[in-house]
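One letter stands for each residue in the lines below.
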Amino acid sequence: MAEKKTLKRFASVFLASSLIMGALAGCNSEGTSTAGGGSSSDTTSDVIKIGANLELSGAVASYGSSIANGAELAVEEINAAGGIDGKQIQLVKVDNKSENSEATNAAIKLATKDKVTAMIAPATSGNVIATAQIANQYKIPTVTASGTAPTVTENEDGTLNDFVFRTCFIDPFQGIVAANFASNELGAKNVAIYADNASDYAKGLAKSFKEQIEANGGTVVAEEAYVADDTDFKSTLTRIKSANPDFIFIPGYYEEVGLIVKQARELGIEAPLMGADGWDSPTLVDLAGAEALNNTFITNHYSSQDPEETIQGFVEAFKGKYSESPNAFHALGYDTVYYIKDAIERAGSTDGEAIQKALAETKDLSLITGTFSVDEKHNPVKSATVLEYVDGNQVFNSKVNP
């Protein structure tokens, strides 16, 4: 999931630099010289600490809380099976309140005070980017479950954030999958794009979708933008309606998308609507209404209705613990812990650099959201799932391989 408020991004990077220098100035010689995962205390401890820097409150708390629940289930399973090389995992959760500056503070706390071996990074790309410098500075392997912007792992200048990884696919892949689905499955020819122009997440998806839909022979007949926290979208939707599209792509987050879908249907727009993983929240149904969501689709990381045996085993275990069906963020949080576990076991060490190397060398790792290998930019090469909303419920449509 990409960032919610991109306007804070550059200020956050500056703030991150300042906070890191302050934290370093306050450390004793031991804290300065050892990486988060490489301290001697970590290797002799009976536990392996994994930090969880997540949005447990604030604008996108639905995402962070879901990742935390999935991670907790994975930790329970691993510990019950004997842990990692006989050591129990301790999940250290910190609420970043869905804010870049708080994500930075949380990362510093986990690195310097809690001395974690590895970190689960925030859910949104903006918050992950705000913490990347800390991960690199302290050599703490950091994995985001849902930060889908390409710049999470690769900076705009082409340099790599060496200690940052992800278990989700990246935004361009989602845009391509959505465009191909619109062309090949729905026969869309004349499409509209309605994106959040304050979000790198939405803009990246819109760009890749547009390029692919045009490559498929389609035409973009309308291209409009909204701003996060808007609540009245009817004037823009009226312009879109006048262009008579046979498909509308709406990359964005559930808070605005729910209202957009509701108002689009109220205006008589009956065309199929489609988005990406930013739609994936129960709140979307509350905002849009179950009937309005009929004939809408999303690209996502997995489906609880996928008949694959391992997926259904996870679904049953999750239901047993939380009494609800797991969404994609639950599954990604779960997979992120198992990805870290696998790397620590292959590294044979809790040293941060050894784990980083193992994460980067991951090949054909089978997890709930797919089997993947890690590319040179620390992105997993994996499948995407297309889901359809039917009477307010997500229904498995198809799986798309990269």
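Analysis parameters
- Residues numbered from 1 in each chain as written.
- Predicted model: local features only at pLDDT ≥ 70, side-chain atom pairs only at ≥ 80, totals over all residues.
- Heavy atoms only, no water.
- Helix = DSSP H or I, 4+ residues; strand = E, 2+ residues; numbered from the N terminus.
- Buried < 20%, exposed > 50% of the residue type's maximum accessible area, 1.4 Å probe, protein only.
- Polar contact = N/O pair within 3.5 Å; in protein donor to acceptor, adjacent residues only side chain to side chain.
- Pairing = 2+ DSSP bridges.
- Axes fitted to C-alpha atoms, helices over the stretch in contact; angles between N-to-C directions.
- Contact = heavy atoms within 4.5 Å.
- Phe/Tyr/Trp six-rings, centres within 6.5 Å; stacked < 30°, edge-to-face > 60°.
- Parallel < 35°, antiparallel > 145°, perpendicular 65-115°, else oblique.
- Left-handed = near helix turned anticlockwise from the far one by under 90°.
- Nonpolar A, V, L, I, M, F, W, Y, C, P; charged D, E, K, R; others polar.
- Salt bridge = Lys/Arg side-chain N within 4 Å of Asp/Glu carboxyl O.
- Core = buried A, V, L, I, M, F, W, Y, C linked by side-chain atoms within 4.5 Å.
- Expected span 1.5 Å × (residues − 1).
- Arc of directions from axis to C-beta.

**With respect to the side chain of E55**
- When you line up the elements, E55 lands in the loop between β1 (47-54) and α4 (61-80).
- Given a relative accessible area of 0%, E55 falls into the buried group.
- Reaching out from E55, the side chain makes a polar contact with the backbone nitrogen of T124 at a distance of 3.2 Å.

**A word on the sheet that holds strand β12 (residues 370-374)**
- Ordered in space as β11-β12-β13, the 3 strands form an open sheet in which the pairing is antiparallel. Only two strands of the sheet have a single neighbouring strand rather than two, namely β11 (365-367) and β13 (380-381).
- Bridge analysis of β11 against β12 gives 3 bridges, and the strand direction is antiparallel. Paired with L367 across the bridge in β12 is G370.

**Quick look at the sheet that holds strand β10 (residues 296-300)**
- Spatially, 7 strands are ordered β7-β6-β8-β9-β10-β14-β15 in an open sheet, and the strand pairing comes out mixed. Whereas interior strands pair on both sides, the edge strands pair on one side only; in this sheet they are β7 (219-226) and β15 (393-400). Averaged over all pairs of adjacent strands, the angle between their axes in this sheet comes to 25 degrees, without regard to strand direction.
- When strand β9 (residues 273-275) meets β10, the two strands line up parallel, connected through 3 bridges. Bridge pairing in β10 places L273 opposite T296.
- Against the sheet, helix α10 (residues 254-266) contacts β6 (190-196), β7, β9 and β10, and its axis sits at roughly 125 degrees relative to β7.

**Observations regarding the packing of aromatic side chains**
- Under the definition given, this model contains 17 aromatic pairs.
- Plain terms: the ring middles of Y194 and F233 are 6.4 Å apart, the flat faces sit at 80 degrees to each other, and that makes the pair edge-to-face. With Y194 in strand β6 and F233 in the loop between β7 and α9 (234-242), this pair connects stretches of sequence that are 39 residues apart. For the pair formed by Y194 and F233, the shared burial category is buried.
- Between F209 and F249 the ring centres are 4.2 Å apart and the planes differ by 15 degrees, which places this aromatic pair in the stacked class.

**Details of the pairing of β10**
- With respect to burial, β10 is a largely interior element, 5 of its 5 residues being buried.
- In β10, alternate side chains face the same way, and those of T296, I298 and N300 on one face and F297 and T299 on the other are all buried.

**A word on the packing of helix α5 (residues 100-112) against helix α6 (residues 125-138)**
- The geometry of α5 relative to α6 is characterised by a closest axis approach of 8 Å and an angle of 25 degrees between their N-to-C directions. With respect to each other, α5 and α6 are oriented roughly parallel. The chirality of how α5 crosses α6 is right-handed. Here N100, A103, T104, A107, I108, A111 and T112 of α5 lie close against α6, whose contacting residues are G126, N127, A130, T131, I134 and Y138.
- Across the contact of α5 with α6, the residue classes tally to 7 nonpolar, 6 polar and no charged.

**Quick look at the pattern of salt bridges**
- Considering all chains together, one arrives at 15 salt bridges under this definition.
- D306 serves as the salt-bridge partner of K399, at 2.8 Å between the closest nitrogen and oxygen. One end of the pair, K399, is in strand β15; the other, D306, is in the loop between β10 and α12 (309-322), with 93 residues separating them in the sequence.
- Given a relative accessible area of 37%, K399 falls into the partly exposed group.

**A few points about the nonpolar core**
- I120, F209, W279, F314 and Y339 are the most contacted members of the largest nonpolar core, which totals 98 residues.
- Among the elements that make up this core, the one with the highest residue count is helix α13 (residues 328-347) (11 residues).
- L110, A111, V116 and M119 belong to the second largest nonpolar core, which has 12 residues in total.

**A word on α12**
- The end-to-end C-alpha separation of α12 is 20 Å, in line with the 20 Å expected for 14 residues at 1.5 Å each.
- For α12, the set of buried residues is I311, F314, V315, F318 and Y322. Each buried residue of α12 lies within a common arc of 100 degrees when the element is viewed along its axis, so the set occupies one face. Along α12, exposed side chains directed more than 90 degrees from the buried face belong to E309 and G320.
- Looking at the packing, one finds that the buried side of α12 touches α4, α13 and β15.
- Two residues or fewer past α12, S323 is found with a positive phi of approximately 60 degrees.

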